[in-house]
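Listed below, chain by chain, are the residues.
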Amino acid sequence: MSIKHTSISYYGMSYVEHAKKDFAEMKNNGCDTVILAITEFDMDFWFPNIIKITKAAKEMGLRVLADTWGIGKFFGGEQVSLFLQNNIKNRQVSALTGESLPAACFNTNSFRNYFTNLCVKIATETEVDGFFWDEPHYALPKSYASITGGSGDDWACRCMVCMDRFKDYYGYEMPKLMNDDVKQFRWREALKTLSDTSKILKEINSKFEITCCVHATLNTYYVTEQRGYDNWDMVAACPYFDVFSTTIINWELPETFFKEIAKRTVEIAKKYNKQSERWLMGYYKQPEDFAQIDKVVDMYVDLGVDRLATWTYRGGYGTKLAAPDALKLWERIGENYKRVLNKEDKK
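Residues numbered from 1 in each chain as written. Predicted model: local features only at pLDDT ≥ 70, side-chain atom pairs only at ≥ 80, totals over all residues. Heavy atoms only, no water.

1. Some points on helix 6 (residues 180-204)
No. 1: Compared with the 36 Å implied by 1.5 Å per residue over 25 residues, the 36 Å span of helix 6 between its first and last C-alpha is a close match.
No. 2: Its axis deflected by about 25° at lysine 192, helix 6 carries its strongest bend there.
No. 3: With a side-chain oxygen lying 3.1 Å from the backbone nitrogen of aspartate 181, the N-terminal cap of helix 6 falls on asparagine 179. (Helix = DSSP H or I, 4+ residues; strand = E, 2+ residues; numbered from the N terminus. Expected span 1.5 Å × (residues − 1). Bend = angle between axes of the 7 residues up to and from the residue. Polar contact = N/O pair within 3.5 Å; in protein donor to acceptor, adjacent residues only side chain to side chain.)

What follows is the structure, encoded as structure tokens:
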């Protein structure tokens, strides 16, 4: 098997002349795809340059995917949200306390329209090759199986929109304690938000490649995140997704966990005729021995993973979440990218 694509995420972009130098470095490090982490502020303030930056990446031979990074805090990412700033309503609500949470309810028409319109703007005014749905999730709960940690009985969302929709569908009031109907409801509504937008994007350009990246958790009989996208079969079966991706695993976790996640990722992707993608942690944490990176990459290749992706460019160098040896980590990941990208074509 060979790796078909090697991606790197890229954020904080403002000026095309600077981005070009970064793109050259990415290519030199074995990347063939850049995932532009586009924030709400980028869309609101920097969009003219986003158009130019996308064009430059394409001209330099990189594939470009748009990551709707942290939008509404529906997607993963450290960025703040203009939607939340401008909307005191349309937020997810704690089931147990009734408090509004710092996350948009993506089941509301308000957020769905906002999100779809942002994506359509990117699709029609830039030269992106596709979209990357980055760790979409309900705000609560999250499990100790996740790299982010923390577990609890509370969950979201039990806002009036979700409660009314649940009652219309099931014929009784949405309970405060999660039951099987609530689980099914959350899975279905969460997927609908992305499925509907993906369908619109495919109608704009049928060649758009759409990746859905879910949390890399065990999702076993005993442990699951219950954050809306933990039913991997349901996600991978979506006809508008082309790539099934599972997110970063902390280097400190055991090798068996890496293997189990990768194996299940590949199996689910193949089951629904999708490409599989595994992520490497290229920021914040790093292996004690960088040889672990080589070993994990080889494992992914042997298990039949189609694509590799890394968060983030230069190991997060210069940010609060930089790896201790950010540039060395970036260099080692690049060495692995160059080693495995399309290696069958190189024979």
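2. Here's the deal with the packing of aromatic side chains
No. 1: As enumerated under the stated definition, the model contains 33 aromatic pairs in all.
No. 2: Both rings, one in tyrosine 169 and one in tyrosine 170, keep their centres 4.9 Å apart while their planes meet at 65°; by these two values the pair is edge-to-face.
No. 3: The exposure class of tyrosine 169 is exposed, given its relative accessible area of 54%.
No. 4: Grouped by ring-pair contacts, the aromatic residues Phe74, Phe75, Phe83, Phe106, Phe111, Tyr114, Phe115, Phe131, Trp133, Tyr138, Phe208 and Tyr229 constitute a single cluster.
No. 5: Its guanidinium or amino end placed over the ring of tyrosine 169, arginine 188 lies 3.9 Å from that ring's centre, counting from NZ or CZ.
No. 6: Lying across the ring of tryptophan 232, arginine 264 places its NZ or CZ 4.1 Å from the centre. (Phe/Tyr/Trp six-rings, centres within 6.5 Å; stacked < 30°, edge-to-face > 60°. Buried < 20%, exposed > 50% of the residue type's maximum accessible area, 1.4 Å probe, protein only. Lys NZ or Arg CZ within 6 Å of the ring centre and 35° of its normal.)

3. Structural notes on the environment of arginine 227
No. 1: Mapping arginine 227 onto the fold places it in the loop between strand 7 (209-214) and helix 7 (232-236).
No. 2: Residue arginine 227 is classed as buried on the basis of its relative accessible area of 8%.
No. 3: Along the sequence, arginine 227 and alanine 139 sit 88 residues apart, while their C-alpha atoms lie 7.1 Å from each other.

4. Points about the packing of helix 4 (residues 109-125) against helix 6
No. 1: Put simply, helix 4 and helix 6 touch, their axes get as near as 10 Å, and they point 30° apart. Classified by the angle their axes make, helix 4 and helix 6 are roughly parallel. Taken as a pair, helix 4 and helix 6 cross one another with a handedness that is right-handed. On helix 6, the residues touching Arg112, Phe115, Thr116, Cys119, Val120, Ala123 and Thr124 of helix 4 are Glu189, Lys192, Thr193, Leu194, Thr197, Ile200, Leu201 and Ile204.
No. 2: Broken down by class, the residue content of the contact of helix 4 with helix 6 amounts to eight nonpolar, four polar and three charged. (Axes fitted to C-alpha atoms, helices over the stretch in contact; angles between N-to-C directions. Parallel < 35°, antiparallel > 145°, perpendicular 65-115°, else oblique. Left-handed = near helix turned anticlockwise from the far one by under 90°. Contact = heavy atoms within 4.5 Å. Nonpolar A, V, L, I, M, F, W, Y, C, P; charged D, E, K, R; others polar.)

5. Thoughts on the sheet that holds strand 9 (residues 275-281)
Within a beta sheet, neighbouring strands are joined by backbone hydrogen bonds and run either parallel or antiparallel to one another.
No. 1: As summarised here, the arrangement of the eight strands in space is 1-2-3-6-7-8-9-10, forming a closed barrel in which the pairing is parallel. Strand-to-strand twist of the sheet, defined as the mean angle between neighbouring strand axes without regard to direction, takes the value 25°.
No. 2: As judged from the four bridges shared by strand 7 and strand 8 (residues 243-246), these two strands associate in the parallel manner. Residue cysteine 213 lies in a different strand from strand 8, and its bridge partner there is serine 245.
No. 3: Strands strand 9 and strand 10 (307-311) of the sheet are contacted by helix 9 (residues 291-303), whose axis makes an angle of about 175° with strand 9. (Pairing = 2+ DSSP bridges.)

6. A word on the nonpolar core
No. 1: Phe23, Phe131, Trp133 and Tyr300 are the most contacted members of the largest nonpolar core, which has 109 residues in total.
No. 2: The element best represented in this core is helix 8 (residues 255-271), accounting for seven residues. (Core = buried A, V, L, I, M, F, W, Y, C linked by side-chain atoms within 4.5 Å.)

7. A few points about the side chain of arginine 63
No. 1: Note that arginine 63 resides in strand 3 (residues 63-68).
No. 2: Owing to a relative accessible area of 18%, arginine 63 belongs among the buried residues under this scheme.
No. 3: Within the local environment of arginine 63, its side chain forms a polar contact with the side chain of threonine 33, the two groups lying 2.7 Å apart.
No. 4: Excluding residues that lie within four positions of it along the chain, arginine 63 makes contacts with His5, Asp32, Thr33, Val34, Asp129, Glu209 and Arg307.

8. What to know about helix 1 (residues 16-28)
No. 1: Taking 1.5 Å of rise per residue, 13 residues should cover 18 Å, and helix 1 covers 18 Å from first to last C-alpha, within 8% of that figure.
No. 2: Those residues of helix 1 that fall on the buried side of the exposure criterion are Val16, Ala19, Asp22, Phe23 and Met26. Across the axial projection of helix 1, the buried residues extend over an arc of 110°, all falling on one side. Those residues of helix 1 that are exposed and aimed more than 90 degrees away from the buried face are Lys21 and Asn28.
No. 3: Buried residues in helix 1 make contact with strand 1 (5-10), strand 2 (33-38), helix 2 (40-59) and helix 10 (326-340).
No. 4: Glycine 30 lies just past helix 1 and shows a positive phi near 85°. (Arc of directions from axis to C-beta.)

9. Here's the deal with the pattern of salt bridges
No. 1: Under the criterion given, the structure shown has 21 salt bridges.
No. 2: A salt bridge links glutamate 127 to lysine 55; the nearest nitrogen and oxygen atoms lie 3.6 Å apart. Of the two residues, glutamate 127 sits in the loop between helix 4 and strand 6 (130-134) while lysine 55 sits in helix 2, which places them 72 residues apart along the sequence.
No. 3: Accessibility expressed as a relative area gives 38% for glutamate 127, which makes it partly exposed.
No. 4: One salt bridge connects glutamate 255 with lysine 295, and the closest N-O pair in it is separated by 3.1 Å. Remark: lysine 295 occurs in helix 9 and glutamate 255 occurs in helix 8; sequence separation between them is 40 residues.
No. 5: Residue class for glutamate 255 comes out partly exposed when judged on its relative accessible area of 42%.
No. 6: Residue classification places lysine 295 among the partly exposed residues on the basis of a relative accessible area of 48%.
No. 7: Salt bridges here are not isolated pairs; linked through shared partners, they connect Lys55, Glu59 and Glu127. (Salt bridge = Lys/Arg side-chain N within 4 Å of Asp/Glu carboxyl O.)

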